[in-house]
Amino acid sequence: MERVNTLRTTRNLPDGPLLELLETTDKAVARYLKESAREVCRSVFGNEVQLRGLVEWSNVCRRDCYYCGLRRSRALPRYNLTSAQILACCEKAWAKGIDTFVIQGGENPAGALQLVPVVKSIRERWPGAIITLSLGELPFSTYAALREAGANRYLLRHETANPALYGRLHPAPDALESRLACLQELRRLGFQIGMGMMVGSPGQTPENLLEDLRLIQQWRPEMIGIGPFIPQEDTPFTHCPPGSAETTLRLLAILRLMLPTALIPSTTALAVLTGGKEAGLEAGANVMMPVFTPETEKRKYDLYKGKHHV
Ligand code: SAM
Ligand code: SF4
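Novice: Could you give an account of the packing of helix α2 (residues 15-23) against helix α9 (residues 206-219), naming the residues involved and the relevant values?
Specialist: The angle between the axes and the distance between the axes are what describe a pair of packed helices. Two numbers describe how α2 lies on α9: the axes approach to 10 Å, and their chain directions differ by 115°. In this structure, α2 crosses over α9, and the sense of that crossing is right-handed. In this structure, α2 contributes Asp15, Leu18, Leu19, Leu22 and Glu23 to the contact, and α9 contributes Pro206, Glu207, Leu209, Leu210, Leu213 and Arg214. Residues of the contact of α2 with α9, tallied by class, amount to 7 nonpolar, no polar and 4 charged.

So, in structure tokens, the structure goes:
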């Protein structure tokens, strides 16, 4: 309990106690950690859960991340939503009172460039909306054009703060360094940025998670997206065990105590393991992202097993 109280009041803990908190077998301490995070979240955001309308605009990807169901080597029917379809998804979200849209997709620089006029149209149609993008690593000129068109936020999970582990999750020449360079540029352009890691990715150690916490503490992103690794068929990691929901929840709670004002979603990957989005909210998350992708394409955004059952 004392460690949780220290973390709550100072927003920090030395490495040893932080690791112990992450790995504790004392259920009462784990419960206290999550309850404290929930309380801090409530003191900052009240009882409201913020909603984002998620539009999975394309599953075309040039990368081959070993864990992901959209990786380019995987046989999958590919799609791109048209501008009209994207606007229709936003329209549906707006009609439900959602003023923040998240447009996410595989990494496709040519496709991303075609999104510039779409972002412009969304901005003109809903001047007060918040437009969040999650399109991977792109040429800096494309980031600039998207920002100029009116996008406000950009989610680019760092996936792991350990360069060697990053190398085991992604084929060369993909590297953590270039991911961080993108995040730095996005910030320079005035985007609010989102970072985060995959919990329990193959080969990850508790010390690696500590590195993630320190990186996030150092960068202080406005958004933090974390979720457990979940294996997907026809990927190199298909037989690897999933990450732990409990560890993900503890990390979420620790991050809430470290960065009280961060926007933290209760992710779908976590919900696959816990059976719903409640557990994340009870551990300090304050955001949910209902999906507005058209039914005809939804199943093709096939990141990991169980995604479509949430
Ligand atoms: N392509 C962009 C990118 O990589 O940043 C955005 C879309 S990507 C599908 C969004 C996130 O999905 C990734 O950051 C990754 O953490 C997560 N993801 C992919 N495969 C996953 C898996 N098997 N289990 C859990 N999360 C996964
Ligand atoms: Fe592509 Fe993103 Fe999946 Fe990597 S995680 S394969 S970049 S969609």
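Novice: Pulling in residues and values, what's your account of the nonpolar core?
Specialist: Judged by nonpolar contacts, the single largest core of 58 residues is most densely connected at Ile122, Leu133, Leu135 and Tyr154. With 6 residues, helix α5 (residues 109-125) is the single largest residue contributor to this core. With near-sequence residues (within four places) excluded, Leu135 lies in contact with Trp57, Ile103, Gln104, Gly105, Gly106, Glu107, Ala112, Leu115, Leu146 and Tyr154. If you look at the next biggest cluster of nonpolar residues, it comprises 35 residues, including Leu13, Leu18, Leu255 and Leu270.

Novice: An account of the side chain of Ser266 is needed here, citing residue identities and associated values.
Specialist: Along the polypeptide, Ser266 turns up in the loop between α10 (245-258) and α11 (268-274). Its relative accessible area of 2% is what places Ser266 among the buried residues. Polar contacts involving the side chain of Ser266 include one to the main-chain carbonyl oxygen of Lys277, which spans 2.8 Å. Excluding its chain neighbours within four sequence positions, the residues that come into contact with Ser266 are Lys277, Gly280, Leu281, Ala285 and Val287.

Novice: Account for the sheet that holds strand β2 (residues 53-58), with residues named and values stated.
Specialist: Judged by pairing direction, the sheet is parallel, and its 6 strands sit side by side in the order β2-β3-β4-β5-β6-β8 without closing on themselves. Each edge of the sheet is formed by a strand with only one pairing partner; in this case those strands are β2 and β8 (223-224). Judged from the 5 bridges that link them, strand β3 (residues 100-105) and strand β4 (residues 130-134) form a sheet pairing that is parallel. Each residue of the ladder has a partner; that of Gln104, found in β4, is Ser134. The strands touched by helix α4 (residues 83-95) are β2 and β3; relative to β3, the strand with the most contacts, the crossing angle is about 145°. Each of β2, β3 and β4 is contacted by α5, which is oriented at about 170° to β4, the strand it contacts most.

Novice: An account of the side chain of Lys34 is requested, with residue identities and associated values reported.
Specialist: On the secondary structure map, Lys34 appears in helix α3 (residues 27-45). A polar side-chain atom of Lys34 sits 2.9 Å from a polar atom in the side chain of Glu246. If near-sequence neighbours (up to four positions away) are discounted, Lys34 is found in contact with Glu246, Leu249, Ala253, Glu282 and Ala283.

Novice: Describe the site of ligand 2, listing the residues and the values that go with them.
Specialist: The full set of residues close to ligand 2 is Cys61, Arg63, Cys65, Tyr67, Cys68, Leu70, Arg71 and Gly106. For the shell around ligand 2, a count of residues per class yields 5 nonpolar, 1 polar and 2 charged.

What counts, and at which threshold
Residues numbered from 1 in each chain as written. Chains lettered and ligands numbered in written order. Predicted model: local features only at pLDDT ≥ 70, side-chain atom pairs only at ≥ 80, totals over all residues. Heavy atoms only, no water. Axes fitted to C-alpha atoms, helices over the stretch in contact; angles between N-to-C directions. Helix = DSSP H or I, 4+ residues; strand = E, 2+ residues; numbered from the N terminus. Left-handed = near helix turned anticlockwise from the far one by under 90°. Contact = heavy atoms within 4.5 Å. Nonpolar A, V, L, I, M, F, W, Y, C, P; charged D, E, K, R; others polar. Core = buried A, V, L, I, M, F, W, Y, C linked by side-chain atoms within 4.5 Å. Buried < 20%, exposed > 50% of the residue type's maximum accessible area, 1.4 Å probe, protein only. Polar contact = N/O pair within 3.5 Å; in protein donor to acceptor, adjacent residues only side chain to side chain. Pairing = 2+ DSSP bridges. Near = heavy atom within 4 Å.

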